[in-house]
Amino acid sequence: MLIWGDSFAAHLVPGLADIGADGPVIHQYTASGCPPILGLAVPRRSECRDFNDRAVDLIRELRPAVVVLSARWEAYLGRSVDEGRIAQTIAGVQDMGAKVVLVGQSPSFDFDNPYDFVYRKGAAVARSAPAEALNAGLARVGADLFLDPMPVFCSGRSCTIANGHGYLFFDNGHYTMQGSERLKPLLLRAIGQLSVPM
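Residues numbered from 1 in each chain as written. Predicted model: local features only at pLDDT ≥ 70, side-chain atom pairs only at ≥ 80, totals over all residues. Heavy atoms only, no water.

J.: Quick rundown of the sheet that holds strand β8 (residues 158-160)? Include the residues and the values.
T.: A sheet is described by the order of its strands in space; here three strands give the open sequence β5-β8-β7, paired in antiparallel fashion. Each having just a single partner strand, β5 (125-127) and β7 (154-155) make up the two edges of the open sheet. (Pairing = 2+ DSSP bridges. Helix = DSSP H or I, 4+ residues; strand = E, 2+ residues; numbered from the N terminus.)

J.: Would you mind going over the pairing of strand β4 (residues 99-103) in detail, with residue names and values included?
T.: Counting buried positions along β4 yields four of five residues, so the element is predominantly enclosed. Where strand β3 (residues 66-70) meets β4, four bridges bridge the pair, whose relative direction is parallel. Bridge pairing in β4 links V67 to V100. Handedness of the crossover joining β3 and β4 through helix α3 (residues 83-95) is recorded here as right-handed. In the sheet, β4 pairs with strand β6 (residues 145-147) via three bridges, with the strands oriented parallel. Directly across from V101, in β6, lies its bridge partner L145. (Buried < 20%, exposed > 50% of the residue type's maximum accessible area, 1.4 Å probe, protein only. Right-handed = clockwise from strand over helix to strand, strands pointing away.)

J.: Provide a residue-level description of the state of the cysteines, including the pertinent values.
T.: This structure, assessed with the given rule, holds two disulfides. Put simply, C34 and C48 are joined by a disulfide, and their sulfur atoms are 1.9 Å apart. On the sign convention where negative is left-handed, the bridge of C34 and C48, at about -80° about the S-S bond, is left-handed. Of this pair, C34 sits in the loop between β2 (27-30) and α2 (48-62) while C48 sits in helix α2, and the two are 14 residues apart along the sequence. Comparing C34 with C48, the two get one shared label, buried. Between the sulfur of C154 and that of C159 lies a disulfide, 2.0 Å long from S to S. Residues C154 and C159 are joined by a disulfide whose S-S torsion is about 100°; by sign, that bridge is right-handed. (Disulfide = S-S within 2.5 Å.)

So, in structure tokens, the structure goes:
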């Protein structure tokens, strides 16, 4: 399994670290600020186009059964990315023989420090930026499987940011190890649903 994208792809990886010998081999290909879109030039991120274009060589070399695409989509859609570009990238990966799992927008918040938020508010629940319409659009772009991470953390837009085991986010949207581990069952179930070898 290849996980490709920006830092919102990278934060999926720690939770998969302990899947063991019977789990899929995980390859991480991520760069901050670079959504996983073939041929995309990102303003103020001159390295992104080369980074994403090298993904083609990597997929051909590794021949992963599954490619997971993940990003902070809210930062790109309507700006440097549209659903058509995502669909083209998915089709390109599928043409190379891999199944594509597209991970939708996960919770994001208007604070940078969840620890301070919980201290000030006296509550471990925070309101996320809206993601329903964005994820509904992403669900239609042709991936073999679309995963919506919002329900893992949230009821509507009310999201748990900490529990009795610790914090689930370390800033305004990136998972801690605890948060990343919450996504593991979703990702492993996706592999099972696609009937690809572990």
